Amino acid sequence: MNSIDLILLNFNEVRRRSVKVWTSIPQEKLNWKPDDEAMTCLEMIRHVLESEHYYHLAIQNQGSLAVFESPFDKQPFSSVNAELKFAEPFRNHFLETIKSFSEEDLSSIKIDRSDSGYIRSLGDMLLRVAYHESVHTGQLLDYLRMAEVPRVRVWD
């Protein structure tokens with residue numbers, strides 16, 4: 001297995017486990033949030049999916065985007081499955097982009113996000129994207145604990 005294969009494996013495993021958590025949230029709890037300033041469960045899922053699309057475009061741009069018009073903005077919130085279905089083509093395109101990179105690209109391509117306080121190699125940036133999703137999935141597990149909803153087992 002090379003580095004690209006490992007990065008793809010990580011993306012697929014992170015998403016598989018996220019989907020386990022996301023689809024375990026009862027419909028009546030999708031709009032639950034722990035306080036007035038927090039995202040709801042469904043908003044957090046949307047945030048993860050939308051952010052992945054943004055990161056994909058930023059990686060292609062080799063830096064932050066001056067303007068980001070999100071295709072997710074026009075989508076009404078409805079269900080986890082609707083969110084996943086809408087995001088699927090963006091996800092597939094992102095994974096295809098990752099497959100197009102070489103081992104050398106992972107260290108030689110720099111992603112300039114100075115506006116967010118960093119410039120990182122492509123490999124580092126890809127790992128950050130997966131980590132972002134993992135953190136939010138962990139947050140959702142905590143949401144479920146606070147809402148007294150049984151939590152699915154992610155460590156299978």
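Residues numbered from 1 in each chain as written. Predicted model: local features only at pLDDT ≥ 70, side-chain atom pairs only at ≥ 80, totals over all residues. Heavy atoms only, no water.

J.: Let's hear about the environment of Ala 87: which residues, and what values?
T.: Topologically, Ala 87 is positioned in helix α3 (residues 80-100). In the structure, Ala 87 is positioned 35 residues away from Glu 52 in sequence and 9.3 Å away in space, judged by C-alpha atoms. Residues in contact with Ala 87, not counting those within four places in the same chain, are Leu 49 and Phe 72. (Helix = DSSP H or I, 4+ residues; strand = E, 2+ residues; numbered from the N terminus. Contact = heavy atoms within 4.5 Å.)

J.: An account of the environment of Asn 31 is needed here, citing residue identities and associated values.
T.: On the secondary structure map, Asn 31 appears in the loop between α1 (3-24) and α2 (41-61). Residue Asn 31 is classed as exposed on the basis of its relative accessible area of 59%. Here the alpha-carbon distance between Asn 31 and Glu 43, two residues 12 residues apart in the chain, equals 7.9 Å. (Buried < 20%, exposed > 50% of the residue type's maximum accessible area, 1.4 Å probe, protein only.)

J.: Report on the side chain of Thr 40, specifying residues and quantitative values.
T.: Mapped onto the elements of the fold, Thr 40 is located in the loop between α1 and α2. Assessed through its relative accessible area of 7%, Thr 40 is described here as buried. Those residues in contact with Thr 40 that sit more than four places away from it in its chain are Leu 30, Asn 31, Trp 32, Lys 33 and Tyr 143.

J.: Could you give me a rundown of the nonpolar core, with the residues and numbers involved?
T.: Residues Phe 11, Ile 59, Phe 94, Ile 98, Leu 122, Met 125 and Leu 126 are the most contacted members of the largest nonpolar core, which totals 22 residues. Those elements that provide at least two residues to this core are α1, α2, α3 and α5 (122-146). Setting aside its immediate chain neighbours within four residues, Ile 98 contacts Ile 4, Ile 7, Leu 8, Phe 11 and Leu 126. Counting residues in each nonpolar core, the second largest holds 21 residues, with Trp 22, Val 48, Tyr 143 and Val 149 among its members. (Core = buried A, V, L, I, M, F, W, Y, C linked by side-chain atoms within 4.5 Å.)

J.: Would you mind going over a nonpolar patch on the surface in detail, with residue names and values included?
T.: A contiguous nonpolar patch, built from Met 1, Leu 6 and Leu 9 and spanning about 340 Å² of accessible area, is present on the exposed surface. If you trace the backbone, Met 1 turns up in the segment before α1. With a relative accessible area of 74%, Met 1 lands in the exposed category. (Patch = residues over 30% accessible without salt bridge, like charges linked within 9 Å, V, L, I, M, F, W, Y side chains within 5 Å. Areas by Shrake-Rupley, 256 points an atom, 1.4 Å probe, with all protein chains shown as cover. Salt bridge = Lys/Arg side-chain N within 4 Å of Asp/Glu carboxyl O.)

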